[in-house]
There are 2 protein chains.
Amino acid sequence: MRKLIASSLVAATAFMGASSAMAEKKDADYVEYRQGVFTAVAWNFGPLVAMAKGEIDFDADLAQRNAERIAQLASMPLEGFRGGPHDAGDGHTHAKDAIWENMDKFEGGMEKFQQEADELAEVAQQGELGPLRQQVSAVGESCKKCHDNFKED
Amino acid sequence: MRKLIASSLVAATAFMGASSAMAEKKDADYVEYRQGVFTAVAWNFGPLVAMAKGEIDFDADLAQRNAERIAQLASMPLEGFRGGPHDAGDGHTHAKDAIWENMDKFEGGMEKFQQEADELAEVAQQGELGPLRQQVSAVGESCKKCHDNFKED
């Protein structure tokens with residue numbers, strides 16, 4: 001039985017490439033991972049900003065779903081900066097070396113983002129635009145602070 | 001007060017670019033979003049596969065955290081395929097046109113992935129390698145099925 005699982009495991013995960021790549025990440029993997037997470041954050045945050053600015057109609061269900069996602073995603077990017085600076089290979093990284101020169105400050109900024117995102121998910125459950133607008137602004141502020149200090153334009 | 005929030009909102013989210021881009025996604029946004037989510041899935045799935053194959057030590061806490069993340073992420077990519085095929089712009093998409101020619105089948109595949117990922121998160125809470133190996137294989141199988149049908153190598 002164990003052998004059966006082992007062989008189906010190999011077949012089922014062959015598309016992921018060399019198994020060593022799964023456990024041992026390369027520099028480019030770090031860059032792609034954190035950029036991927038931030039892209040997913042922005043995708044989900046965009047409609048909340050548009051609602052907060054009155055550019056699209058307030059949709060309480062969408063707001064709640066997206067806020068919950070942002071809170072989930074907020075825990076993910078930090079580990080994508082571990083052991084850097086990373087060589088992005090053919091890609092590009094906007095991460096300033098300042099991150100690794102001030103890792104404590106950077107971690108504090110990511111923690112603040114996580115807190116504000118958790119609060120956003122809480123607030124979105126109320127189903128009211130007013131408190132949401134205020135917390136969208138707080139989350140945006142936490143993003144902006146790290147971008148100003150640690151991200152190249 | 002409302003005016004104050006509005007102006008801080010503009011300042012706090014100015015880094016996100018033109019506000020219209022937040023609500024109205026471009027083709028390249030779709031491609032980047034879904035690729036970003038899948039990159040985050042692979043990053044978190046990799047160590048589970050390596051544990052299942054015995055390539056790294058079983059770590060129950062890490063397994064539980066990553067499995068939970070994969071279940072959260074699994075709900076996200078489908079909307080990145082809406083309204084396609086998309087022009088990736090300067091980027092590249094591996095998505096086959098078969099997705100949009102068989103959207104029902106594709107949606108079914110994504111639903112299967114979500115179910116298997118939810119089950120993975122459940123199983124990981126047991127803190128045992130045996131059941132985890134089996135469910136990692138099931139998740140991998142659900143990935144592979146869609147890749148075979150809908151993803152260019």
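Per an unreviewed UniProt entry, chain A is named Cytochrome c556, and its organism is Thiohalospira halophila DSM 15071.

Q: Give a detailed account of the overall build of chain A, specifying residues and quantitative values.
A: Within chain A one finds 7 helices and 0 strands. N-terminal to C-terminal, the α/β element order of chain A is α-α-α-α-α-α-α. Expected size for 153 residues packed as a compact globule is a radius of gyration near 15 Å; at 19 Å, chain A overshoots this value by more than 25%. Oriented by its inertia axes, the alpha-carbon framework of chain A measures out at about 55 × 45 × 25 Å.

Q: Give a detailed account of the relation of the copies chain B and chain A, specifying residues and quantitative values.
A: Overlaying chain B with chain A gives an RMSD of 0.0 Å, the required rotation being 180° about an axis along which the chain moves by 0.0 Å. What we have between these two chains is a two-fold relation. For chain B, the smallest separation between a C-alpha atom and the rotation axis is recorded for Gly36 of chain B, amounting to 1.8 Å. Comparing interface residues between copies, 98% of those in chain B also lie at the interface in chain A; the contact surface is shared.

Q: Please set out the packing of aromatic side chains residue by residue, giving values where relevant.
A: Summed over all chains, the structure comprises 12 aromatic pairs over all chains. Seen from their ring centres, Trp43 of chain A and Tyr30 of chain B are 5.2 Å apart, and the 80° between their planes marks the pair as edge-to-face. In this pair, Trp43 of chain A is assigned in helix α3 (residues 27-52) and Tyr30 of chain B in helix α3 (residues 27-52), connecting two distinct chains. Its relative accessible area of 9% is what places Trp43 of chain A among the buried residues. A residue is classified by how much of its surface remains accessible, and Tyr30 of chain B, at 19% relative accessible area, is buried. Here Phe81 of chain B and Trp100 of chain B contribute two aromatic rings whose centre-to-centre distance is 6.2 Å and whose plane-to-plane angle is 45°, an arrangement assigned as tilted. You can see Phe81 of chain B sitting in the loop between α4 (60-73) and α5 (98-101) and its partner Trp100 of chain B sitting in helix α5, a full 19 residues away along the chain. As far as burial versus exposure is concerned, Phe81 of chain B and Trp100 of chain B are alike and both buried. Through pairs of rings, three or more aromatic residues link up here, namely Phe38, Phe81, Trp100, Phe106 and Phe150 of chain A. Against the face of Trp43 of chain B rests Lys25 of chain A, its NZ or CZ located 4.4 Å from the ring centre.

Q: How would you explain the pattern of salt bridges if you had to name every residue and give the values?
A: Going through the model one piece at a time under the given rule, you end up with 10 salt bridges over all chains. Note that Asp148 of chain A and Lys144 of chain A form a salt bridge whose closest N and O atoms lie 2.9 Å from each other. Of this pair, Asp148 of chain A and Lys144 of chain A are both found in helix α7 (residues 129-150), 4 residues apart, which corresponds to roughly one turn of the helix. The partner of Lys112 of chain B in a salt bridge is Glu116 of chain B, and the shortest N-O contact between them spans 3.1 Å.

Q: Which residues make up the side chain of His86 of chain B, and what values do they have?
A: All names here are of chain B. Within the secondary structure, His86 sits in the loop between α4 and α5. In this structure His86 comes out as buried when scored by relative accessible area, which is 7%. Separated by 2.8 Å, the side chain of His86 and the backbone oxygen of Arg82 make a polar contact. Here the side chain of His86 touches Gly84 through a polar contact of 3.4 Å, landing on its backbone nitrogen. His86 has contacts with Asp27, Tyr30, Val31, Arg34, Gly80, Phe81, Thr93 and Trp100, leaving out every residue within four places of it along the chain.

Q: Go over the interface of chain B and chain A with me, naming the residues and quoting the values.
A: Taken together, the contacts link 53 residues of chain B with 52 residues of chain A. Between chain B and chain A, roughly 4400 Å² of surface is buried when both sides are summed, and carbon and sulfur atoms account for 67% of that area. Summed over the three residues of chain B that lose the most area to chain A, namely Leu9, Trp43 and Arg133 of chain B, the buried surface amounts to 16% of that side. At the surface where chain B touches chain A, the tally comes to 4 salt bridges.

Q: Any details on a negative patch on the surface? Residues and values, ideally.
A: All names here are of chain A. A contiguous patch of negative charge on the surface is contributed by Glu68, Asp118, Glu119 and Glu122. Sorting elements by how many residues they give to the negative patch places helix α6 (residues 103-124) first, with 3 residues. Relative to the helices and strands, Glu122 is located in helix α6. Judged by relative accessible area, Glu122 falls into the exposed class, the value being 53%.

Q: So what's going on with the packing of α6 of chain A against α7 of chain A? Residues and values would help.
A: All names here are of chain A. Where α6 meets α7, the closest approach of the two axes is 9 Å, and the angle between their N-to-C directions is 165°. Looking at the two axes, α6 sits roughly antiparallel to α7. Taken as a pair, α6 and α7 cross one another with a handedness that is left-handed. Contact with α6, carried on its side by Lys105, Phe106, Gly109, Met110, Lys112, Phe113, Glu116, Ala117, Glu119, Leu120, Val123 and Ala124, involves Pro131, Leu132, Gln135, Val136, Ala138, Val139, Ser142, Cys143, Cys146, Asn149 and Phe150 of α7 and no other residues of that element. Here the residues of the contact of α6 with α7 sort into 15 nonpolar, 4 polar and 4 charged.

Rules and cut-offs
- Residues numbered from 1 in each chain as written.
- Chains lettered and ligands numbered in written order.
- Predicted model: local features only at pLDDT ≥ 70, side-chain atom pairs only at ≥ 80, totals over all residues.
- Heavy atoms only, no water.
- Helix = DSSP H or I, 4+ residues; strand = E, 2+ residues; numbered from the N terminus.
- Rg over C-alpha atoms; globule rule 2.2 N^0.38 Å.
- Least-squares fit on C-alpha atoms with pLDDT ≥ 70 in both.
- Contact = heavy atoms within 4.5 Å.
- Phe/Tyr/Trp six-rings, centres within 6.5 Å; stacked < 30°, edge-to-face > 60°.
- Buried < 20%, exposed > 50% of the residue type's maximum accessible area, 1.4 Å probe, protein only.
- Lys NZ or Arg CZ within 6 Å of the ring centre and 35° of its normal.
- Salt bridge = Lys/Arg side-chain N within 4 Å of Asp/Glu carboxyl O.
- Polar contact = N/O pair within 3.5 Å; in protein donor to acceptor, adjacent residues only side chain to side chain.
- Buried area = accessible area lost by both parts, 1.4 Å probe.
- Patch = residues over 30% accessible without salt bridge, like charges linked within 9 Å, V, L, I, M, F, W, Y side chains within 5 Å.
- Areas by Shrake-Rupley, 256 points an atom, 1.4 Å probe, with all protein chains shown as cover.
- Lys, Arg positive; Asp, Glu negative; His and termini not counted.
- Charge placed at Lys NZ, Arg CZ, Asp CG, Glu CD.
- Axes fitted to C-alpha atoms, helices over the stretch in contact; angles between N-to-C directions.
- Parallel < 35°, antiparallel > 145°, perpendicular 65-115°, else oblique.
- Left-handed = near helix turned anticlockwise from the far one by under 90°.
- Nonpolar A, V, L, I, M, F, W, Y, C, P; charged D, E, K, R; others polar.

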